[in-house]
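If you want the building blocks of each chain, they are given just below.
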Amino acid sequence: MREAIRISIRKMRSNHGGPFGAVVVRRGKIVGRGWNRVTSTNDPTAHAEVMAIRQACRRLKTFQLADCDIYASCEPCPMCLAAIYWARIRRVFYANAQKDAASIGFDDGLIYHELLQPASRRKIPMKQFLRNEAIKAFTEWKRKADKTLY
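Keep in mind the model is a prediction, meaning the values are calculated, not measured. Residue numbers run consecutively from 1 along every chain, following the written order of its sequence. Local features in this predicted model are restricted to residues whose pLDDT is 70 or higher, and side-chain atom pairs enter the listing and the counts only when it is 80 or higher, whereas totals over whole chains, interfaces and linings include all residues. As a convention, hydrogens and water are excluded, and side-chain values are obtained from all of the structure's heavy atoms.

(A) Structural detail: the nonpolar core. In this text, buried Ala, Val, Leu, Ile, Met, Phe, Trp, Tyr and Cys residues form a nonpolar core when linked through side-chain atoms within 4.5 Å. Think of it in three bands: with a 1.4 Å probe and only protein chains considered, a residue is buried below 20% of the maximum accessible area for its type, exposed above 50%, and partly exposed in between. One finds Ala 22, Val 24, Ile 53, Leu 65, Ile 70 and Ile 89 to be the most contacted residues of the largest nonpolar core, which totals 18 residues. Under the DSSP-based scheme used, a helix requires at least four consecutive residues in state H or I and a strand at least two consecutive residues in state E, with every element numbered from the N terminus. Among the secondary structure elements, those contributing two or more residues to this core are strand S1 (21-26), helix H3 (48-60) and strand S3 (68-74). Contact criterion: two residues are considered in contact whenever any of their non-hydrogen atoms come within 4.5 Å of each other. Residue contacts for Ala 22: discarding those within four places in its chain leaves Ala 4, Ile 7, Gly 32, Arg 33, Gly 34, Ala 48, Glu 49, Ala 52, Ile 70, Tyr 71 and Ala 72.

See the structure below:
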């Protein structure tokens, strides 16, 4: 955890992005480090946890981190939490809480609220179309013999 906090402070001070750091740990060894790079890379998905997961997956040559834990300097936002679930990370440890992040301008309350709404009531309009064309890919995937499941 101290490494995640150290990264958050050092990278924030050097203007890489917001004050967030994370490390992925496997068998007591750090296999991925990440820090917030949203503003330095113009990438809204470049959160500390996502960056740490990406690095760990590259290093371990896998897309599943079921035997890993993640240490984050702040409670993961909805996007990072989803990435943690997709990566199958075993446990999450965090230092600052959502309310701490909100108190300095990183408030994810709108996103949590929107996730509870049906698609028709969300602030960003969503409209389904061309399903009959798109479903062909799913049908083919279902029959594909050499697919890699995840």
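(B) Region of interest: the environment of Asp 108. Among the secondary structure elements, Asp 108 is positioned in the loop between helix H5 (98-102) and helix H6 (109-115). What makes Asp 108 partly exposed here is its relative accessible area of 24%. Expressed as a C-alpha distance, the spacing of Asp 108 and Gln 98, which sit 10 residues apart in the sequence, is 7.8 Å.

(C) Examining a nonpolar patch on the surface more closely. Each patch is built from salt-bridge-free residues with over 30% relative accessible area, joining like charges within 9 Å and nonpolar side chains (Val, Leu, Ile, Met, Phe, Trp, Tyr) within 5 Å. Using the Shrake-Rupley algorithm and a 1.4 Å probe, accessible areas are obtained, with residue cover drawn only from the displayed protein chains. When a carboxyl oxygen of Asp or Glu is within 4 Å of a side-chain nitrogen of Lys or Arg, the pair counts as a salt bridge. Taken together, the side chains of Phe 63, Trp 86, Trp 141, Leu 149 and Tyr 150 make up a nonpolar region of the molecular surface, amounting to roughly 660 Å² of accessible area. Here Phe 63 shows up in the loop between H3 and S3. Residue class for Phe 63 comes out partly exposed when judged on its relative accessible area of 42%.

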